[in-house]
Amino acid sequence: MSVPSFKAVADHALLVEYATEISDEVNRTVIALDHAIAEAQINGVQEVVPALVNLLALFDPTQTTHREVEAAIRALLPVVPADDAKADHHVLDICYDEGMSPDLEAVAKARGMSQEAIIKAHVSARYRVGMYGFAPGYAYLSGVPDAIQVPRKTTPVRDIPAGSVMIAGPQCLATTIIMPTGWSIIGHTPAKIMTGDPARPFLFDVGDTVSFNRIRREAL
Amino acid sequence: MSSAQLRVVHAGPLVTIQDAGRFGHMRFGVSASGPMDRSSFAIANAALGLTEAKTGIEVSLGGLVLECRQGAVSFAVAGGGFSVDCAGVKSSSWTVQTLFEGQKLIIRGGAWGSWTYLVFSGRQIARTWLGSTATQSMSGFGGGALRSGQDIEIEDAHVRDDRIGDIPCPAFAQPDGTAHVVVGPQDQHFLPISVEAFLSTPYKLTDAFDRMGVRLSGPKLELSEALSIPSEPILRGSVQVSGDGVPTVLLADHQTTGGYPKIATVISSDLDRLSQMRAQDRIKFTAVTAEQAVEIVRSEADARRTYINELAKPRPSLNERLLRENLIGGVVSGNDD
């Protein structure tokens, strides 16, 4: 993987970017660098936010500078892309039954497939947590199979309940709070991504892998 | 241990419980929240002798009316040019006073500023989330927004006669219509003329202004090409430009990632003043290099620390002060003869 670019952001952050196009390889490299920075305990660095193609390192500007943080991160390069097989794996129960999957029919129609075929493709895929964003606990899971990918809706729908499993493009996401969304809701999960456990308040780390286990409404 | 109980008689919209903020969870989609004007919140705490900020109330222009139902407690107010009426005694929003049982405290918007902070001498009981009472407006997690009829419990409530009086409002807490920015990190996607327009023309704050951010009005900022950038981490202070060319400055409850390009980022020491501005106020952005930004922030941090430490210093009690003034005035007890 190529050397990332470094860009100063305000007085207290550094954006480290590997690419401008999303790919698995790029995201796994970002995740590897995130791990390396955490391990290195760089002076003044307070927080690192990994995303799909880049990460943001936030630091205390009274302790260090962009230049010092950049030098410390450059010293960690190159990193080997993180190995999905070594990441923690989580299995989430999902119910695709009627009433739990308001957009399943539209997705099936858009892709010229049966609803069962959409479910089968979704439940068989393996996903990776590429980043969190948008709202607390919103983990972007990459790995939606090409055959069932649909674009975002043109108009968002309001008040989507927590636990909705929805897709847009190559991404899948299980919601944690009531929010509007333009994504297609194809199922419901009882899994708690915000765990309520102070020792581990969020179920996934960025880079973890996820798969789904189909359950029926009676099991919810 | 004494406690005080306060009833919320009226709370305007966006009156919320806050502490210094919830740090370290941006990687899980959680921005820090905390006060929109962090320095004024720190000042309210320091005025009660606290150098570590604890839980208090952020009051919006919607105002707040509290009634003391039980006990007595001293409080500090700092931030903006609000008006305070404590049991009929009127003052500015830079004050330390005591509220006694049966009395009302009324805080209302005034000549300037969008937020003021109310902190009690005692422990304000509030719901925590991820170790912080700061209210995250999108989810409502944390201490939450205040509602009329709700009760507020202050444990270990103290009456602090040694702290009563005006708080000097420092220059760094007053908006001056300017903010320093570091250009980028996506300035390369804009036409050079757009970057120039952003830095040379004052923008107006609009009333699309909440704890997540404030939309600006002014010259449209055009991208050099139609663009779809991957969602990336964003910060408090990021100036993101939506597809219609309108910039928004992201504030305390910002989303942690976003796919709109950021033309510039406001430096951290200027965000408190910017947050105190109001809709229709004009703001002029000035570009500095990253190195200059660090210098500015360090010197501002020194000035704030000096002010806060001075304000938080232990003070002699009222009796001791009266005694000292008497001595200085040459009025001594006749027993000395």
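In the block above lies the structure referred to throughout.
Note that the structure is a prediction, hence the values are computed from the model and not measured.

S.K.: Can you explain the packing of aromatic side chains? Please cite residues and give values.
M.R.: Counted under the stated rule, the structure contains 12 aromatic pairs over all chains. Plain terms: the ring middles of Tyr140 of chain A and Trp183 of chain A are 5.7 Å apart, the flat faces sit at 80° to each other, and that makes the pair edge-to-face. Taken together, the residues Tyr140 of chain A in strand S7 (residues 139–142) and Trp183 of chain A in the loop between strand S11 (179–181) and strand S12 (184–188) connect sequence positions 43 residues apart. A relative accessible area of 12% places Tyr140 of chain A in the buried class. In this structure Trp183 of chain A comes out as buried when scored by relative accessible area, which is 9%. Their ring planes at 70° and their centres at 5.7 Å tell us that Phe41 of chain B and Tyr117 of chain B sit as a pair that is edge-to-face. Here the residue Phe41 of chain B occupies a position in helix H1 (residues 38–46), and Tyr117 of chain B occupies one in strand S10 (residues 116–120), the gap between them amounting to 76 residues. Across the pair, Tyr117 of chain B and Phe41 of chain B agree in class, each one buried.

S.K.: Could you give an account of the side chain of Gln97 of chain B, with specific residues and numbers?
M.R.: Residue and element names in this part refer to chain B. Structurally, Gln97 is set in strand S8 (residues 95–100). Side-chain polar atoms of Gln97 contact the side chain of Ser91, separated by 3.1 Å. In contact with Gln97, not counting residues within four places along its chain, are Val73, Ser74, Phe75, Val84, Cys86, Val89, Ser91 and Ile164.

S.K.: Which residues make up the pattern of salt bridges, and what values go with them?
M.R.: Under the counting rule described, the total for this entry stands at 25 salt bridges over all chains. One salt bridge in this structure joins Asp103 of chain A and Lys153 of chain A, with 2.9 Å as the shortest N-O distance. Remark: Lys153 of chain A occurs in the loop between S7 and strand S8 (157–160) and Asp103 of chain A occurs in the loop between strand S5 (89–95) and helix H3 (104–111); sequence separation between them is 50 residues. According to the relative accessible area criterion, Lys153 of chain A is partly exposed, its value standing at 27%. Glu232 of chain B is the salt-bridge partner of Lys262 of chain B, the closest N and O atoms lying 3.2 Å from each other. Within this pair, whereas Lys262 of chain B is found in strand S21 (residues 262–266), its partner Glu232 of chain B is found in strand S17 (residues 232–233), the two being separated by 30 residues in sequence.

S.K.: An account of the environment of Arg315 of chain B is requested, with residue identities and associated values reported.
M.R.: Residues and elements named next belong to chain B. By the element assignment, Arg315 lies in the loop between helix H4 (290–312) and helix H5 (318–328). Under the relative-accessibility criterion, Arg315 is labelled partly exposed at 31%. Distance in space between the C-alpha atoms of Arg315 and Arg163 is 7.2 Å, their sequence separation being 152 residues.

S.K.: Quick rundown of the interface of chain B and chain A? Include the residues and the values.
M.R.: Counting residues at the interface gives 37 residues for chain B and 45 residues for chain A. Together, Arg27, Phe28 and Pro233 of chain B form the three largest contributors to the area buried by chain B at its contact with chain A, with a combined 22%. Where chain B meets chain A, there are 3 salt bridges. A salt bridge links Arg27 of chain B to Asp34 of chain A, with the shortest nitrogen-to-oxygen separation between them at 2.6 Å. Counting across the chain B and chain A interface gives 13 residue pairs in polar contact (both at pLDDT 80 or more). At the level of secondary structure, the elements contributing two or more residues to the side of chain B that touches chain A comprise S17, S21 and H4 of chain B. Broken down by element, the residue count for the side of chain B that touches chain A peaks at 7 residues, all from H4 of chain B. When grouped by side-chain class, the residues that make up the side of chain B that touches chain A number 19 nonpolar, 13 polar and 5 charged.

Procedures and definitions
Residues numbered from 1 in each chain as written. Chains lettered and ligands numbered in written order. Predicted model: local features only at pLDDT ≥ 70, side-chain atom pairs only at ≥ 80, totals over all residues. Heavy atoms only, no water. Phe/Tyr/Trp six-rings, centres within 6.5 Å; stacked < 30°, edge-to-face > 60°. Helix = DSSP H or I, 4+ residues; strand = E, 2+ residues; numbered from the N terminus. Buried < 20%, exposed > 50% of the residue type's maximum accessible area, 1.4 Å probe, protein only. Polar contact = N/O pair within 3.5 Å; in protein donor to acceptor, adjacent residues only side chain to side chain. Contact = heavy atoms within 4.5 Å. Salt bridge = Lys/Arg side-chain N within 4 Å of Asp/Glu carboxyl O. Buried area = accessible area lost by both parts, 1.4 Å probe. Nonpolar A, V, L, I, M, F, W, Y, C, P; charged D, E, K, R; others polar.

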